[in-house]
Amino acid sequence: MAKGEDTDDHHFIPQFYLRPWLSRNDRKLVEYGRVPPTMEIRCRRWVTSKTGYVPNLYTLPGVTEETKQNVEKVFYQEVDTSAAKVRDKLLKREEMTDEDLYIWARFLLSLGIRNPTEMEKFKERLKRDFVKPDARLEARWQEVRKDGQPATVEEALLQLNPHTPEMAAIIISTKLAQNQNVIRTLMGADWMVYDATGAKRRFLTCDRPLIMTPLGRDDGQVAIPLSPDKLLTIFMKPKWNDELQYIPSDQVVEGVNRMIIAQAREKVYGVDNSYLEEVREGMSSGEYFSLAMEPKPPAHPPTTNPSPPGVA
């Protein structure tokens with residue numbers, strides 16, 4: 001979360017999540033990103049408060065001054081504060097309670113929804129649906145409409161609050177971040193914290209750190225770097241975590257970092273500048289699993305022999 005009472009900087013990559021990548025000496029991490037005007041990818045030592053945020057990303061339009069920041073300062077503050085405590089347990093590889101699993105499943109789901117790209121997709125979809133109201137809703141409005149009132153549901157809602165589509169998109173995104181079916185599915189899967197302490201290099205992370213495949217598939221999974229040497233893997237089938245433990249840590253780190261770099265849209269984070277060439281070559285070269293975008297048909301059938309992260 002951004003510090004300060006008056007700031008409207010909304011961190012879609014929470015500061016607590018990035019802190020394991022901070023140096024003990026200067027309390028900074030290495031941020032890789034495009035630098036204008038040439039947009040060449042460079043790296044710098046940077047602080048968490050000045051990265052991974054967008055001003056007013058979740059600000060509710062058309063409401064009171066007192067409530068316009070409630071999504072950020074109430075909902076996401078609670079999501080992130082509770083998740084930070086569970087993250088510490090994960091790093092220590094302590095036993096997780098059902099409440100811990102719930103908190104972190106919700107946090108992971110929120111990460112897949114709250115970034116600027118996904119939020120814009122929500123807003124675009126709500127605007128589109130707003131001008132094409134449900135036929136039953138429109139029919140009901142025509143039944144109750146009185147003389148002098150707007151002719152359509154769309155006009156009536158816009159008259160009430162012209163910001164309704166954007167506000168609805170933001171509210172709906174918080175509901176989706178609490179989708180009980182997905183959260184329970186994640187809670188019931190096989191969780192493991194993979195330790196790559198012995199690897200020659202460290203895990204990176206980025207502004208789209210959630211590595212995810214559809215949970216209904218045989219290789220359904222969620223993975224996310226927890227620190228430079230820890231990776232959380234959640235598989236729908238336990239055998240993949242069992243197999244992952246036998247893969248050399250250098251191979252796992254290399255494979256995960258390749259996916260992290262490809263998923264990144266604006267920022268990659270690490271503990272040093274040794275990945276500059278790899279980030280320049282691969283940043284934004286791949287897609288990431290979207291929870292808000294329109295579903296797309298697969299380019300080819302799912303593999304019959306899926307592999308754990310870092311193996312493909």
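Residues numbered from 1 in each chain as written. Predicted model: local features only at pLDDT ≥ 70, side-chain atom pairs only at ≥ 80, totals over all residues. Heavy atoms only, no water.

**Digging into the overall build of the chain**
For step 1, the next point in the chain: When you go through the chain residue by residue, the secondary structure sums to 11 helices and 10 strands.
For step 2, the next point in the chain: Going through the 312 residues of the chain one by one, you find that 46% of them count as buried.
For step 3, the next point in the chain: Counting only contacts in the chain whose residues sit at least 6 apart along the sequence, the fraction spanning at least 24 positions is 71%.
For step 4, the next point in the chain: Counting only carbon and sulfur atoms, one obtains 51% of the accessible surface of the chain, whose full area is about 16300 Å². (Helix = DSSP H or I, 4+ residues; strand = E, 2+ residues; numbered from the N terminus. Buried < 20%, exposed > 50% of the residue type's maximum accessible area, 1.4 Å probe, protein only. Contact = heavy atoms within 4.5 Å. Areas by Shrake-Rupley, 256 points an atom, 1.4 Å probe, with all protein chains shown as cover.)

**Let's talk about the nonpolar core**
For step 1, the next point in the chain: Counting 51 residues, the largest nonpolar core has Trp-104, Ile-224 and Leu-232 as its most contacted members.
For step 2, the next point in the chain: With near-sequence residues (within four places) excluded, Leu-232 lies in contact with Leu-90, Trp-104, Leu-108, Trp-191, Met-192, Val-193, Val-222, Ala-223, Ile-224 and Leu-226.
For step 3, the next point in the chain: Judged by nonpolar contacts, the second largest core, of 26 residues, contains Tyr-32, Leu-204, Leu-231 and Val-253. (Core = buried A, V, L, I, M, F, W, Y, C linked by side-chain atoms within 4.5 Å.)

**Digging into the pattern of salt bridges**
For step 1, the next point in the chain: One pass over the full model with this rule turns up 21 salt bridges.
For step 2, the next point in the chain: Taking the shortest distance from any N to any O, the salt bridge between Lys-230 and Asp-229 comes out at 3.4 Å.
For step 3, the next point in the chain: Look at Lys-230 and you get buried, because its relative accessible area is 11%.
For step 4, the next point in the chain: A single network of salt bridges, built from pairs that share partners, joins Glu-40, Arg-42, Glu-277 and Arg-280. (Salt bridge = Lys/Arg side-chain N within 4 Å of Asp/Glu carboxyl O.)

**Structural notes on unusual backbone geometry**
For step 1, the next point in the chain: Residue Pro-37 is bonded to the preceding Pro-36 through a cis peptide linkage, with omega at 5°.
For step 2, the next point in the chain: Mapped onto the fold, Pro-37 is located in the loop between strand 2 (29-35) and strand 3 (40-46).
For step 3, the next point in the chain: Residues other than glycine seldom take positive phi values, yet Asn-56 does so here, at roughly 60°.
For step 4, the next point in the chain: Summarising the element assignment, Asn-56 is placed in the loop between strand 4 (53-55) and helix 2 (70-91).
For step 5, the next point in the chain: By relative accessible area, Asn-56 is classed as partly exposed at 36%.
For step 6, the next point in the chain: Positive phi outside glycine occurs at Ser-284, with the angle close to 65°.

**Considering the confidence of the model for the chain**
For step 1, the next point in the chain: Here the chain averages 89 in pLDDT, while 90% of its residues score no lower than 70.
For step 2, the next point in the chain: Per-residue pLDDT stays below 50 along residues 1-6; that stretch engages in 14 contacts with residues further than four places along the chain or on separate chains. (pLDDT = per-residue confidence, 0-100.)

**Notes on the sheet that holds strand 10 (residues 267-270)**
Strand pairing in a sheet relies on backbone hydrogen bonds. The paired strands run either parallel or antiparallel.
For step 1, the next point in the chain: Within the open sheet, the 4 strands sit side by side as 3-2-10-6. Their pairing is antiparallel. Every interior strand has two partners, whereas the edge strands, strand 3 and strand 6 (205-206), have only one.
For step 2, the next point in the chain: In terms of strand pairing, strand 2 meets strand 10 through 4 bridges, oriented antiparallel. Paired with Gly-33 across the two strands is Lys-267, which belongs to strand 10. (Pairing = 2+ DSSP bridges.)

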